[in-house]
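# Examination of the molecular architecture
In case you want the letters, here they are:
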Amino acid sequence: LVSRRLLIGYAGVLALALCNTAYAADLTLVGSGSDAGLYTAPGTLTMRGVSWSLTNAGSTFTTLGLEQGQLQYNGTTTSTATLAVGTHLSGTGRYAAILALGTIGPGVQQAFNTGTITVTGNFSAGTGFNYHVNVDGSGATDLIAVTGRATISGQVTIMPIPGTYAASTDYTIMTAGGGIDGTFTGMGNAFPIFTPTLTYEANAIRLRLVNNSASGDIYPSLGTTALQMGQRQLTSLGSILSDPSLGDLVGASGWVSGGHRFFKLNDGVAESLKGDHSDVLAGTAFPISGTVAAGIYAGLGFTDTEGSGGANFGDMNSKIVGGYAITGGALFRLAATYAHSWDDYEVTRTSAAQSSFGGHRNLAMAQVSYLAQTDMFELMPRVGLSYVRAHQAAFEETGTSNATASGDGSSFSSLTSRAGARVTVRLLSFQGAIFPYAGLAWAHEFKAGAPRRPLEFSVAAGSVFSVNGVARAKDMGEGEAGLAYRAGAFGFAVGYEGVRGRATREHAVRGTLSFGW
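First, a word on scope: everything that follows refers to the structure included in this document. (Residues numbered from 1 in each chain as written. Predicted model: local features only at pLDDT ≥ 70, side-chain atom pairs only at ≥ 80, totals over all residues. Heavy atoms only, no water.)

## Overview of the sheet that holds strand β21 (residues 186-189)
Strand order in this open sheet of 8 strands is β3-β5-β8-β10-β12-β15-β18-β21, and the pairing throughout is parallel. Because the sheet does not close on itself, it has two edges, and the strands there are β3 (32-35) and β21. Taken pair by pair, the neighbouring strands of this sheet meet at an average axis angle of 15°, ignoring direction. With 2 bridges connecting them, strand β12 (residues 103-106) and strand β15 (residues 130-135) associate as parallel partners. Looking at β15, one finds that T103 is bridged to N130. (Pairing = 2+ DSSP bridges. Helix = DSSP H or I, 4+ residues; strand = E, 2+ residues; numbered from the N terminus. Axes fitted to C-alpha atoms, helices over the stretch in contact; angles between N-to-C directions.)

## Some words on the pairing of strand β22 (residues 195-200)
Of the strand pairs in this sheet, β22 and strand β23 (residues 204-210) are connected by 6 bridges, and their pairing is antiparallel. Note that in β23 the partner of T197 across the bridge is R208. Remark: 3 residues form the turn of the hairpin made by β22 and β23, two consecutive strands paired antiparallel.

## Let's talk about helix α2 (residues 218-242)
When the terminal C-alpha atoms of α2 are compared, their 36 Å separation across 25 residues agrees well with the 36 Å that a helix rising 1.5 Å per residue should span. Of all 25 residues making up α2, 25 are buried, and the element is well covered by its neighbours. (Expected span 1.5 Å × (residues − 1). Buried < 20%, exposed > 50% of the residue type's maximum accessible area, 1.4 Å probe, protein only.)

## Concerning a positive patch on the surface
On the surface, K264, K274, R500 and R505 cluster together to form a positively charged patch. By secondary structure assignment, the location of K264 is in strand β24 (residues 253-265). (Patch = residues over 30% accessible without salt bridge, like charges linked within 9 Å, V, L, I, M, F, W, Y side chains within 5 Å. Areas by Shrake-Rupley, 256 points an atom, 1.4 Å probe, with all protein chains shown as cover. Salt bridge = Lys/Arg side-chain N within 4 Å of Asp/Glu carboxyl O. Lys, Arg positive; Asp, Glu negative; His and termini not counted. Charge placed at Lys NZ, Arg CZ, Asp CG, Glu CD.)

## Points about the packing of aromatic side chains
One pass over the full model with this rule turns up 13 aromatic pairs. Geometrically, the ring pair formed by F123 and F129 is edge-to-face, given 5.7 Å between the ring centres and 70° between the ring planes. A centroid spacing of 5.6 Å and a plane angle of 35° characterise the contact between F357 and F395, whose relative ring orientation is tilted. Of this pair, F357 sits in strand β29 (residues 354-370) while F395 sits in strand β32 (residues 395-396), and the two are 38 residues apart along the sequence. On the accessibility criterion, F395 (6% relative accessible area) is buried. Following the ring pairs from residue to residue traces out a cluster consisting of Y39, F61, Y73 and Y95. (Phe/Tyr/Trp six-rings, centres within 6.5 Å; stacked < 30°, edge-to-face > 60°.)

Any functional reading would require information beyond the geometric quantities listed.
Right under this line is the structure:
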């Protein structure tokens, strides 16, 4: 204290009695530590240590010299603060001026949070400068607020705080009342699910963070695909269980049905998906009484999905087993079914990250149909409710990328009501009857919205982001047209199926063979 210079070493935490003093004009920090005490003596604060935190906002020094290490400073300087190359300044300090060749990251040191560093004079950054900007999903951001003129160079690194983000969020990361000279020559992005863009204005630098990168949302989007294809399977099964042109299913009978579907999902937020789905189902039913029958069925499904840009791919292979019951007569039918699907997923997210994981689905449907007919025409109105719940197991990617991802298990569900009608024309032939048919239906999804899945990227272990996939359409129109043939207990039908909604386009062909004995 005699030399008017206080050297704080490796003791770690300073005592308030030493800190709140006017005797020590200069303070030099070495080693590591933290202190919440008050410094009011005019002089120089020099950082030559590893990591220090001086958190009292009332502290004041004339100048700050950050020569090495990391310093969190929440106080004030009345003259210039200088950062050497390789150093790191954080906190919420107020400075008369800053000359930065190192890194600045406002807020708490080495933590996911936001803060503001204020410069009442001019700010100048050299080529070694790196601005670490933390942002969050609510719109909060780190900020360097300059009253004078800002001259910038170097790099900005965007550090999104783990959480849930909208499709795009705008931030202001620097302001300068006296204007801004220069631009950042490089931009880093800590997490590959975001696309950052900077805009330079006369007195501000704006950041737009877009959360529609074709990098992570392939995983929750596969949840959309699993729900959508499950609903389509239930729709096809409903047609089989209610259609008299395919044979009298209230009796000993069997059927085989197969189809191929092309689909595209694009809600304008997450990456768009396109792909195709094939399945084959086979079932049999036996009478329980004169008006009741029960049956079982099984099948296989294969779904190939491609994300926008052709960089992300997801496959789902399924094994399905279910049962159903039918009651009613020739005109009125009530049908219900339940099935379980075992699903295997394989995902390629960019060429350098792959994963394989399992899952399962529960599928249930109840449907009421009525047949009004004349000698030549048949009209079948039909209403139903179907439910699909899909679960995807946890996964961990492998590959050469430094941003491989992992995720815990997630579940998604879909509840859809459907109302429509089919018109059939009966045309007699030499061996049987031909039935041209066409139908329309309206489907309403009660659980519309984007599926969400938490992802953790290896580039920042422990940082979990909630990533949205493609949303299912709330309302969809469904159409069908085809030709059926029936001769005695034998029936065959082939037709087109189409679906159109805000986020959905689908085209499919399906054939069904039924027989009784």
